[in-house]
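Listed below are the residues making up each chain.
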Amino acid sequence: MLISFLTVFFLVSRGIRAMSGNSERTFIMIKPDGVHRGLVGKIVQRFEEKGFKLVSMKFMWASDDLLAKHYADLSSKPFFGGLVKYMSSGPIVPMVWEGLNVVKTGRVMLGATNPADSAPGTIRGDYCVQVGRNICHGSDSVESAQKEINLWFTEKEQIGWTPAQKEWVYED
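Predicted model only: the values in this text are computed from it and were never measured.

Caption draft 1: Spatial organisation of the environment of Arg46. Along the chain, the position of Arg46 falls in helix 3 (residues 40-50). Relative accessible area serves as the criterion here: at 22%, Arg46 is assigned to the partly exposed category. Contacts of Arg46, omitting those with residues within four sequence positions, involve Met109, Gly121, Thr122, Ile123, Asp126 and Tyr127. A polar atom in the side chain of Arg46 sits 2.9 Å from the backbone oxygen of Gly121.

Caption draft 2: Summary view of the side chain of Ser118. Structurally, Ser118 is set in the loop between helix 6 (102-110) and helix 7 (123-127). You can call Ser118 buried: its relative accessible area is 11%. In terms of polar contacts, Ser118 uses its side chain to reach the backbone carbonyl oxygen of Ala112, at 2.9 Å. Ignoring any residue separated from it by four or fewer positions in sequence, one finds Ser118 in contact with Gly111, Ala112, Arg124 and Gly125.

Caption draft 3: View of the nonpolar core. Core analysis: the largest hydrophobic core is formed by 20 residues, its most contacted members being Ile43, Phe47, Trp97, Ile123 and Ile135. Breaking this core down by element, the ones donating at least two residues are strand 1 (23-30), helix 3, strand 3 (93-100), helix 6 and helix 7. The contacts of Ile43, once residues within four sequence positions are left out, are Ile30, Ile123, Ile135 and Cys136. Counting 17 residues, the second largest nonpolar core, distinct from the first, contains Leu66, Val84, Ile92 and Phe153.

Caption draft 4: Representation of helix 3 in the model. What helix 3 keeps buried is the set Ile43, Val44 and Phe47. Buried positions in helix 3, seen along its axis, are confined to an arc of 95° and lie on one side of it. The inward-facing, buried residues of helix 3 contact strand 1, strand 2 (53-57), strand 3, helix 6, helix 7 and strand 4 (136-138).

Caption draft 5: View of the side chain of Lys31. Secondary-structure assignment places Lys31 in the loop between strand 1 and helix 2 (32-36). Apart from residues no more than four positions distant in its own chain, Lys31 is found in contact with Tyr71, Tyr86, Met87, Pro91, Ile92, Asn134, Ile135, Cys136 and His137.

Caption draft 6: Structural detail: the sheet that holds strand 4. Sheet architecture is open: four strands sit in the order 2-3-1-4, paired in antiparallel fashion. The outermost strands of the open sheet, each flanked by one partner alone, are strand 2 and strand 4. In this sheet, adjacent strand axes meet at a mean angle of 25° when their direction is disregarded. As judged from the eight bridges shared by strand 1 and strand 3, these two strands associate in the antiparallel manner. The residue bridging Ile30 from the neighbouring strand is Val93, located in strand 3. In the packing of helix 6 onto the sheet, contacts are made with strand 1, strand 3 and strand 4, and the angle to strand 1 comes to roughly 35°.

Rules and cut-offs
- Residues numbered from 1 in each chain as written.
- Predicted model: local features only at pLDDT ≥ 70, side-chain atom pairs only at ≥ 80, totals over all residues.
- Heavy atoms only, no water.
- Helix = DSSP H or I, 4+ residues; strand = E, 2+ residues; numbered from the N terminus.
- Buried < 20%, exposed > 50% of the residue type's maximum accessible area, 1.4 Å probe, protein only.
- Contact = heavy atoms within 4.5 Å.
- Polar contact = N/O pair within 3.5 Å; in protein donor to acceptor, adjacent residues only side chain to side chain.
- Core = buried A, V, L, I, M, F, W, Y, C linked by side-chain atoms within 4.5 Å.
- Arc of directions from axis to C-beta.
- Pairing = 2+ DSSP bridges.
- Axes fitted to C-alpha atoms, helices over the stretch in contact; angles between N-to-C directions.

Structure follows, in structure tokens:
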């Protein structure tokens with residue numbers, strides 16, 4: 001009990017508080033159509049306004065090799081070649097977000113993979129028409145998020161920091 005008290009005292013004295021519940025990280029990627037349509041800021045804004053913390057972000061042109069690794073679970077599908085070709089056709093914005101239940105909530109914020117099934121108010125429901133141009137990818141589980149994060153970002157590229165608004169978003 002003394003060790004737990006000292007650990008909590010140490011963290012609180014440095015302004016670091018444990019987030020109640022399930023703090024986790026997710027991988028969100030804005031696809032070429034989202035970049036070309038100028039939606040990067042709007043998508044980032046939605047995650048920030050929700051209260052999630054941006055940990056990493058890149059603006060890049062992904063190689064076919066990196067995309068093939070990312071979509072390896074779809075490699076046997078007939079659309080795989082077209083998917084990799086499309087994803088390497090323009091710049092993308094891979095990101096890591098952190099927060100309470102961010103994997104599940106991020107998926108809800110994105111909407112259904114097929115925009116026709118996405119509710120208004122979701123990113124895909126508001127900005128997409130066809131599944132082949134659904135502007136974002138989001139991890140579907142904590143395990144896949146960790147795998148995707150490790151594929152796209154090094155440990156040093158994942159910035160640990162505490163936003164000033166944290167105490168206004170999360171209870172102790």
